[in-house]
Amino acid sequence: MNKTLRAPVIAGNWKMNNTPAQTAGLIAQLKPLISSADSKIVVAVPFIDIPAALEAAKGSNIAIAAQNVHWEERGAFTGEVSAPMLKALGVPYVVVGHSERRQYFGETDVTVQKRVRAALNAGLTVILCVGEVLAERKLGITAEIVRAQTEIALAGVAAEELRRVIIAYEPVWAIGTGETATPEQANEVCAILRGLLARIYSKDAADRAVIQYGGSMNDANAAELLAQPDIDGGLIGGASLAAEKFAVIVNAAG
Ligand code: 13P
């Protein structure tokens, strides 16, 4: 697999943290620390923080993501935000299918597929999260689980649209636990996902697809994870909330 075909993407998932002013402050802290990075840098912020984040990131190499999106364009869906609404704000990226959405908010593979479809229709780039829970890893069915999650989410996604899909492999047992997958474990699953993309689309599409690892990635372990042949970046939670730590991860990616 040719890693030179892919620019790394380092994304911070700020989850349900920070007010608009705090978000702007964190971006302001981050900007000078990562200004010479070659990787693409994304931060996913709460909906309410998006305008402040866009303003704070203006003129920098930091792109803003939403953390979820509804599949309908408009209507009676209290509390939801649609893809055209995000597009209208100027948000280029959206995280879809995060395990916290699946665990706590009833997200299923089918609703993830609908959200991916809606986001792509609106012209957004999707960061699609997949990953097994601990019981599934212990049963030895990790490959089957992540393949099924990915194949369902990508149902109806055309080859040319795949360029606007980043896949984030996030083993659920590694999220927020301090327990990171070993570089070999993480790479193995990212390679399995790349193989799936080659089967569904083409080897060329698979070689160009960006596949991130997420789950307790931090300033101490990032370099080793990012050096793996099939890991093209990271989706970072806790460690992305400290500007210096996140900058170390960004700069480890080159
Ligand atoms: P942590 O880096 O805090 O484990 O979170 C990972 C994650 O869920 C990113 O989306």
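Note: the structure precedes this text.
This structure is a prediction, so every number in the text was calculated from the model and none was measured.

**Q** So what's going on with the sheet that holds strand E4 (residues 93–96)? Residues and values would help.
**A** Strands belonging to one sheet form pairs held by backbone hydrogen bonds; the direction of such a pair is parallel or antiparallel. What the eight strands build is a closed barrel, ordered E1-E2-E3-E4-E5-E6-E7-E8; its pairing is parallel. Across the sheet, the mean angle separating the axes of adjacent strands is 25° when strand polarity is ignored. Direction of pairing for strand E7 (residues 211–214) relative to strand E8 (residues 233–236): parallel, over a ladder of two bridges. Pairing of Gly214 across the sheet is with Leu235, part of E8.

**Q** Explain the packing of helix H7 (residues 142–153) against helix H8 (residues 183–200) residue by residue, including any values.
**A** It is the contact of H7 with H8, at a shortest axis distance of 10 Å, that shows an interaxial angle of 45°. Taken together, H7 and H8 sit at an angle that is classed as oblique. Here the hand of the crossing between H7 and H8 comes out right-handed. Of H8, the residues touching H7 (which contributes Thr142, Ala143, Val146, Arg147, Thr150 and Glu151) are Val189, Ile192, Leu193, Leu196, Arg199 and Ile200. Of the residues contributing to the contact of H7 with H8, the split by class is seven nonpolar, two polar and three charged.

The rules behind each value
- Residues numbered from 1 in each chain as written.
- Predicted model: local features only at pLDDT ≥ 70, side-chain atom pairs only at ≥ 80, totals over all residues.
- Heavy atoms only, no water.
- Pairing = 2+ DSSP bridges.
- Helix = DSSP H or I, 4+ residues; strand = E, 2+ residues; numbered from the N terminus.
- Axes fitted to C-alpha atoms, helices over the stretch in contact; angles between N-to-C directions.
- Parallel < 35°, antiparallel > 145°, perpendicular 65-115°, else oblique.
- Left-handed = near helix turned anticlockwise from the far one by under 90°.
- Contact = heavy atoms within 4.5 Å.
- Nonpolar A, V, L, I, M, F, W, Y, C, P; charged D, E, K, R; others polar.

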